[in-house]
Amino acid sequence: EGKLVSMILEANKNVRYACICDSDGKILWNSRRNDVQSLISLEDTKASLKRALENWKERDKLTAKIGRGRYAVVDYEKLKRVTVPLRNNHLLYVHVEGDKPEYIGDIMKIVDWVAEHPS
């Protein structure tokens, strides 16, 4: 999963930050683009991860009726926060800037590829 974070940063120049956390919100892998200043503190990021995990636990209650959630996007003025549930109850959490929608396709292609090619 560490390679997933690197691949996402390499695939799209609009990705500012990517991390993977466990079901308790503990950050397992993370990376920030070298040329960008962080917009939020590590504490704010951890709080945001906790909220995202709670939101996914709520969404999962509907899985039997509407299928498994694939990703969620929150659109802020300065960035988009994308969360993707992964296997092992891990969560991919990505900050993207800009309004180009192809970043979702970029992220999901990599998530699917890494899931099919575990190392």
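Since the structure is predicted, the reported quantities are computational estimates derived from the model, not experimental observations. (Residues numbered from 1 in each chain as written. Predicted model: local features only at pLDDT ≥ 70, side-chain atom pairs only at ≥ 80, totals over all residues. Heavy atoms only, no water.)

Draft legend 1. Summary view of the packing of aromatic side chains. Tallied over the entire structure, the rule returns one aromatic pair. Against the face of Trp56 rests Arg59, its NZ or CZ located 4.4 Å from the ring centre. (Phe/Tyr/Trp six-rings, centres within 6.5 Å; stacked < 30°, edge-to-face > 60°. Lys NZ or Arg CZ within 6 Å of the ring centre and 35° of its normal.)

Draft legend 2. Highlighting the pairing of strand 4 (residues 80-85). By the criterion of burial, strand 4 is predominantly enclosed, with six of the six residues buried. The side-chain alternation of strand 4 yields two buried faces, one formed by Lys80, Val82 and Val84 and the other by Arg81, Thr83 and Pro85. Inspection of the sheet shows strand 3 (residues 72-75) paired to strand 4 by four bridges, in the antiparallel sense. Each bridged residue has a counterpart across the sheet, and for Val73 the counterpart in strand 4 is Val82. Hairpin remark: strand 3 followed by strand 4, antiparallel, with four residues in the connecting loop. By the bridge criterion, six bridges tie strand 4 to strand 5 (residues 91-96) in an arrangement that is antiparallel. Along strand 5, the bridge assignment pairs Val84 with Leu92. (Buried < 20%, exposed > 50% of the residue type's maximum accessible area, 1.4 Å probe, protein only. Helix = DSSP H or I, 4+ residues; strand = E, 2+ residues; numbered from the N terminus. Pairing = 2+ DSSP bridges.)

Draft legend 3. View of unusual backbone geometry. One non-glycine residue, Asn88, lies in positive phi territory at about 65°. Mapped onto the elements of the fold, Asn88 is located in the loop between strand 4 and strand 5. Owing to a relative accessible area of 62%, Asn88 belongs among the exposed residues under this scheme. At Asn89, a residue that is not glycine, the phi angle is positive and equals roughly 60°. The exposure class assigned to Asn89 is exposed, which follows from its relative accessible area of 60%.

Draft legend 4. Up close: the packing of helix 1 (residues 2-11) against helix 4 (residues 102-116). Axis separation between helix 1 and helix 4 bottoms out at 10 Å; the angle between their running directions is 150°. With respect to each other, helix 1 and helix 4 are oriented roughly antiparallel. The chirality of how helix 1 crosses helix 4 is right-handed. Seen from helix 1, the contacting residues are Lys3, Leu4, Met7, Ile8 and Ala11; seen from helix 4, they are Asp106, Ile107, Ile110, Val111, Trp113 and Val114. Considering only residue class, the contact of helix 1 with helix 4 consists of nine nonpolar, no polar and two charged. (Axes fitted to C-alpha atoms, helices over the stretch in contact; angles between N-to-C directions. Parallel < 35°, antiparallel > 145°, perpendicular 65-115°, else oblique. Left-handed = near helix turned anticlockwise from the far one by under 90°. Contact = heavy atoms within 4.5 Å. Nonpolar A, V, L, I, M, F, W, Y, C, P; charged D, E, K, R; others polar.)

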